[in-house]
Amino acid sequence: MTLSEGLLERAKGGDRLAFEGLFTPYAADAFRLAVAMLQCREDAEDAVQNAMLKAWRRLATFRTGCDVRPWFLTIVANECRSLRRGRWWSVVRLADLCGDGASWRDSLPQEIDLRRALTRLPQDQRLLLVLRYYLDLPFAEVAAIVGGSPEAAKSRTFRVLRKLRRSGELVEAAAEVQA
Amino acid sequence: MDERELRQLLHSAYDRVPPLRDPFRRVREYSDQPRARWRPAMAAALACVMGLFTAAAVLLVRDVRSAPNAGIDYRPPVAATVPVVYTPRAVAQTASVVSEPPTPRVAVLSDQVALVSVGDSILRASDTDRTWLTVYPGRQDHAGNVRDLEWVTRDVAFATSNYGLLRSDDGGGSWRLVNARPDLWRLDFVSSGEGYVVAGTDTQGSDWHLLRTNDGGATFTAYSVRLQPVTWVQWVSDKHAWAAGPEGVVATTDGGEHWQAQLAFGKGPFSDAQVGFVDTGHGFAYVRGTTSQPGPKLYQTSDGGRHWRGLAGPDMPPGLRDDQLVVTGPSSLEMVTQSAADRVVRCTLSDAGTGWSCVPVGLTAQLGAREAARGPIRLLAALRGDQVVIAASTDGGTTWSRVEVDASPWTRR
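Note that this is a predicted model, so its numbers are computed, not measured. (Residues numbered from 1 in each chain as written. Chains lettered and ligands numbered in written order. Predicted model: local features only at pLDDT ≥ 70, side-chain atom pairs only at ≥ 80, totals over all residues. Heavy atoms only, no water.)

(A) Structural detail: the overall build of chain A. Broken down by element type, chain A carries 10 helices and zero strands. Secondary structure of chain A in N-to-C order comes out as α-α-α-α-α-α-α-α-α-α. Out of the 179 residues in chain A, the part that is buried amounts to 52%. Excluding contacts between residues fewer than 6 apart, the proportion of contacts in chain A whose partners are at least 24 apart in sequence is 67%. Looking at chain A as shown, the accessible area adds up to about 7,900 Å², and 51% of this sits on carbon and sulfur atoms. (Helix = DSSP H or I, 4+ residues; strand = E, 2+ residues; numbered from the N terminus. Buried < 20%, exposed > 50% of the residue type's maximum accessible area, 1.4 Å probe, protein only. Contact = heavy atoms within 4.5 Å. Areas by Shrake-Rupley, 256 points an atom, 1.4 Å probe, with all protein chains shown as cover.)

(B) Examining the pattern of salt bridges more closely. Residue and element names in this part refer to chain B. Under the counting rule described, the total for this entry stands at 20 salt bridges over all chains. Notably, a salt bridge pairs R212 with E194, separated by 3.2 Å at the nearest N-O pair. Highlighted residues: R212 in strand β11 (residues 209-213) and E194 in the loop between β9 (184-189) and β10 (195-199), separated in sequence by 18 residues. Across the salt bridge formed by R288 and D272, the nearest N and O atoms sit 2.5 Å from each other. (Salt bridge = Lys/Arg side-chain N within 4 Å of Asp/Glu carboxyl O.)

(C) Spotlight on the confidence of the model for chain B. Residues and elements named next belong to chain B. In this model, chain B carries a mean pLDDT of 78, and residues with pLDDT of at least 70 account for 78%. Ranking the elements of chain B by mean pLDDT puts helix α4 (residues 88-93) last, at 43, and strand β6 (residues 157-161) first, at 96. This model gives residues 61-93 a pLDDT under 50, and the stretch forms 43 contacts once residues within four places in sequence are excluded. Under the prediction, the complex receives an ipTM of 0.82, its pTM being 0.57. (pLDDT = per-residue confidence, 0-100.)

(D) Molecular detail of the sheet that holds strand β1 (residues 104-108) of chain B. All names here are of chain B. Overall, antiparallel pairing links the four strands, which are arranged β1-β2-β3-β4 in an open sheet. This sheet does not close on itself; its edge strands, each paired only once, are β1 and β4 (132-136). Across the sheet, the axes of successive neighbouring strands diverge by a mean angle of 25°, strand direction being ignored. Alignment of β1 against strand β2 (residues 114-118), held across five bridges, turns out to be antiparallel. Paired with V108 across the bridge in β2 is A114. (Pairing = 2+ DSSP bridges. Axes fitted to C-alpha atoms, helices over the stretch in contact; angles between N-to-C directions.)

What follows is the structure in C-alpha cells.
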C-alpha cells in the first residue's frame, strides 16, 4: 500500500488529518483553477472551500485506485459553475470590486485583456484552456475532468485556442508579453 | 498567439494572486460540529408536527367552506373593466398612450432572481449566465412606462404601467397584459388573486384612490379606506394593513373591515406619502412637502401605529428628490435619492432616527433611481440618458458590483 493509498483509507474512515495530508498537494491547483475560472479571489476561495467540504463528505464514494486530482478538480470546476450560475449578483462584478487589493489592481493591460477574453468564452471552453495551459494537465486528465475521451478533449481544446487566436486584443497582449 | 504564449500570459495574469491560506477551514468547521445524534429523533418529531399541521389545515379548510360566505368577504364588482388578456403583440396595437418619462423600477425575489424595468421593458436576471435578459420588450413605440413592479410568489409577479397591469406566472420569464386601465400606479398584491392598487388620473396624485381585485387584476372595484387621496398601501398580514396619503396614515387590524386614522401629517402641502412596515409592529411613515416648506417628514412606530414618533427635522437629508422609502429592519431604513446634480445618493438610517448617513454611490441618474432590498441583498437601478446601471450588493450595501445595460431602445421617445 502506497502512502497516498494509506492516507485515502484513513481519510475514508473519517481521519481528517489524513484527508488534509491527501488533499494538500491539490489545494494550490484547485485554487489556481478557481481563480482563472471565476476571475475573483474571494469567489475562488469560496469555491475551493466548498469543494474541499464536498470532497470530505463524498470521499466514501471515491473508488480506491483512481487518481484523486481529476476527481477533486471536477468538484472544483462544478463549484465554479454553481457560483457563476447560482447568483445573479455574482456575475456582474467589476474587476475593481472583486479582488484583494494591489495584486489585481496592478494588473498589466495585457492581463486585463486576457481576463476579458477568457470571460467572454463559455465556461466549458474556458475550463479546457485553464486546465491545459495554466495547470498544464495532460489531455487524459483534462478529459477525465471535462468528460469524453482524451482525443475529444484535445480536439476541443485546439478549437477553442483557434477561436481565441481570432481575438485581436489577445494577440496584441501576447505580443506585449513576448516583448 | 501560440500555446506557449498563452501559457505565459495565463501565468503572468494569475500567478500573482496570493495563495489560499487555509483550504481546510470549512472542512474543520464542519467536522468539529458536535455529532447530531438527535437528528433522527428531530426529523421524526418534525414529521409529526407537519402531520398535525396538515390535519389542522384540512379541518380548517372544511370549516371555511361550510361557512355561508365561503370565508371571503367578497364585494361585487363596481365599474369593473372588461377582463381581457393581451399578448405583447396585442399590446402594441392598443390605443396610443400618454407618454411618460421612462423610469427604472426594481424587485428582488432572491439572490438568484430579480427584475428591473426600464421604461416599459422588463429585464430579468438570468440564472444561467452573466446577462440580464429582456423578458418583456414593451410596446413597439415604447411610450409606456412601468410604474411599479412587485413579486407576489416565486412564480407570480405584477407590474403597473401607463397602459395597464402586466402579470407574469412563470417567475418573470414572460409577461401579459391582464388589464388595460391606464390609471394604475402602485400595487400591493397579497396573493396571486387578491391585490390592491393605487389608481388615479393625476400624475401628481391629487385624485389617487384604492382599487381592489379578487381575480388577479382582471377586474377592479373601488375600495375605501376613509382616506383621500391615497398614495400608498401595504398589507403585512391578512389582518394588518396600512395606507397613507398627504393627510396621514390609516390602518386596519381586521382584514379591511374597519380602517382607523393613526397619524395626521399636519399642515402641508404634502404629496407622495409612504408607509413601510417590516411586521405588524414596526414601521415608518414618510411624506414629502411639495414645496420647500414644509420639508419631508418621517415617523416611526414600534407598536403597530398606536404611537408614532416624529424623526424629521434637521437630521433629514436636505435637497433630495425622487426619494422612496426602503424599510430594511425594525429600526432601519434606506432611501435612494438624487441630489441636485443628478447624483444618486443612498441614505441609511440605522439607529432609530438619531443619525442619517448619506453616501453618493458614484452614479448619476437624470431619469431616476430605485432600490429594493431583501435580507442583505440590495439591488439598485439608475437610469441616465440611454443607459441603465444596475448595481447589486449582498452585504447590505457595504460593497457593490454593477453592470451597465444599453437602454436606448426603450428610452427613445
